[in-house]
Amino acid sequence: MSARGGSDRNQKRRGLRKIKFYCQMCEKECSDRNGFEAHSRSAGHLAKMELFAANPEKYLAMFSDQFEADFMELVKSRHRGRKVLVNYVHNEYVQDRSHVRLNGTRWKTLDEFAQHLSSKGIVELSYDDDGNPYIKYIDVAVLSAREKHAEKERKRKARVAAKLEDQRRSAMEASVAAARAAGSLAGPVLELARPPDSDTISVALPAKAAQPAPLRGPAAALDPLQPPAPLRTAPATLPSARLPAHPKPLSNVERILQETRAREARDAARATWAVPGAVVRILDASLDSLFKAKAVVVSRHASPRHLVAVAVVGTPPADRVLVDIDEALLRPVLPPIGKPVVVVRGEHAGERGVLVDHMPSDKSLAVRLDATGITVRGLGYAAVCKVRARG
Ligand SMILES: [Zn+2]
């Protein structure tokens, strides 16, 4: 082969951006089918194929690693710090004549490759409305700085909360002392019990106290002349509480009780998860034919709060079978990546978003929140639930 002929052929090859006839094992391009078939019969190629057949996993791993390393090099050098279309980076990569062909790797599509990168935690994966994958390089240095800042913020908030709690307690103790000094409370019978690890304060007041003063709002349920209302979440000591006669110290105690109960109500509300629109699976074996059926949460009962009404999806003959069921017997359904979800547990409970990542290796999910655009990672399977689109 003359030097001139070789250079002509190289020029011809350079012009061919999309080369169908490429042998990954020999890293050889062929200009057409005939050339490729000739190459396939060559001694050199057959020898390489023997090597490949002896250990296909090794070569697949080698090509895949090379592909990933080259690809990430491009992302880091040209697209650091911004979101970029995966196909765009790939187009840049194939400009390099010696690039590893995708079909020589273990990934069938670029999307599959992008999901692999995302599951390694080195990129943030997202999709546009047409389902095209975008990635953004996760800069570990930037990330750890952000984590440090978040940790500082957590500590600061904890300090503020502890300080407020101290202030609240001393204000209450002062008001109790004032009440005692005023003679409205008999000495030894008043106790303030604060069980360890509890956020609630139980107030036990003298049983021989005079007429209870009229109470407004929910605290009226504590009228000692009435049988105590069933309070599922209230501390056990509450129904026995007697209230003193004078409105002034009472208003303080009342305020504390109301605060405690409001906080408990908030906690109870937070502990429930199956929100309307959530797509769930019924795990109540007593429901027979509906066991493991898919359903959509329609509403939540006001009481008891753990009871929800669900509409069973696609149950013949009627399309909608309504069932009241304890949410403990429901499991969140996970949609495919790119579909709307609601976070049902943890710090972001109640927030809607899009499932952007699923890492089966550590059973964790990532959700991009609609309201803030922030991607929350490390969510457990029980914390994310498929949700019917609004409207
Ligand atoms: Zn070959």
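This one's a predicted model, so the numbers in the text were calculated from it and none came from an experiment.

**Examining the overall build of the protein**
- Regarding its fold elements, the protein presents eight helices and 17 strands.
- Looking at the 391 residues of the protein, the share that counts as buried comes to 34%.
- With an accessible surface of roughly 23600 Å², the protein has 54% of that area assigned to carbon and sulfur atoms.

**A closer look at the sheet that holds strand S3 (residues 83-85)**
- As summarised here, the arrangement of the three strands in space is S3-S5-S4, forming an open sheet in which the pairing is antiparallel. In the strand order of this sheet, the two ends are held by S3 and strand S4 (123-127), each with one partner. The sheet shows a mean angle of 30° between the axes of neighbouring strands, taken without regard to direction.
- Bridge count for S3 against strand S5 (residues 133-137) is three bridges, and the pairing is antiparallel. Looking across to S5, one finds that valine 84 is bridged to isoleucine 135.
- In this fold helix H5 (residues 86-94) packs onto S3 and S5, with an angle of close to 65° to the strand it touches most, S3.
- Taken strand by strand, helix H6 (residues 110-119) contacts S4 and S5, and its axis lies near 140° from that of S4.

**Considering the coordination of the zinc ion**
- Here the zinc ion is held by Cys23 (SG), Cys26 (SG), His39 (NE2) and His45 (ND1), and the distances to it run 2.0 to 2.3 Å.
- One can describe the site at the zinc ion as tetrahedral: its four donor atoms subtend angles covering 102 to 116° at the metal.

**Section: unusual backbone geometry**
- One non-glycine residue, lysine 292, adopts positive backbone phi at about 70°.
- With phi around 50°, lysine 363 is a residue other than glycine that occupies positive phi space.
- With respect to the helices, strands and loops of the structure, lysine 363 is situated in the loop between strand S14 (352-359) and strand S15 (364-369).
- For lysine 363, a relative accessible area of 57% gives the class exposed.

**A closer look at the nonpolar core**
- Counting 25 residues, the largest nonpolar core has Phe67, Phe71, Val75, Leu117 and Ile135 as the members making the most contacts within it.
- Where this core is concerned, the elements lending two or more residues are helix H4 (56-78), H5, H6, S4 and S5.
- Tallying contributions element by element places H4 first for this core, with seven residues.
- Those residues in contact with phenylalanine 67 that lie beyond four places of it in its chain are His90, Tyr93, Val100, Leu102, Thr105, Trp107, Leu110 and Phe113.
- Core analysis: the second largest hydrophobic core is formed by 19 residues, Ala278, Leu290, Ala293 and Val344 among them.

**Some thoughts on the pairing of S4**
- Extensive coverage of S4 is indicated by the burial of four of its five residues.
- A loop of five residues connects S4 with S5, the two strands running antiparallel in sequence, and glycine 131 in this loop sits at a positive phi of about 85°.

**Digging into the side chain of histidine 79**
- Tracing the backbone shows histidine 79 in the loop between H4 and S3.
- One polar contact links histidine 79 to arginine 82, side chain to side chain, over a distance of 3.1 Å.
- Filtering out sequence-adjacent residues up to four positions away, histidine 79 remains in contact with Leu74, Val84, Tyr88, Val89 and Glu92.

**A short note on the environment of histidine 301**
- Take histidine 301: it is sitting in the loop between strand S9 (294-300) and strand S10 (307-312).
- Overall, the relative accessible area of 25% leaves histidine 301 in the partly exposed class.
- Along the sequence, histidine 301 and aspartate 324 sit 23 residues apart, while their C-alpha atoms lie 8.8 Å from each other.
- If near-sequence neighbours (up to four positions away) are discounted, histidine 301 is found in contact with Leu307, Val308, Ala309 and Asp324.

About the thresholds
- Residues numbered from 1 in each chain as written.
- Predicted model: local features only at pLDDT ≥ 70, side-chain atom pairs only at ≥ 80, totals over all residues.
- Heavy atoms only, no water.
- Helix = DSSP H or I, 4+ residues; strand = E, 2+ residues; numbered from the N terminus.
- Buried < 20%, exposed > 50% of the residue type's maximum accessible area, 1.4 Å probe, protein only.
- Areas by Shrake-Rupley, 256 points an atom, 1.4 Å probe, with all protein chains shown as cover.
- Pairing = 2+ DSSP bridges.
- Axes fitted to C-alpha atoms, helices over the stretch in contact; angles between N-to-C directions.
- Contact = heavy atoms within 4.5 Å.
- Donors = N, O, S within 2.8 Å, 3.2 Å for Na, K, Ca; no water.
- Tetrahedral: all angles 85-135°; square planar, octahedral: opposite > 155°, others 65-115°.
- Core = buried A, V, L, I, M, F, W, Y, C linked by side-chain atoms within 4.5 Å.
- Polar contact = N/O pair within 3.5 Å; in protein donor to acceptor, adjacent residues only side chain to side chain.

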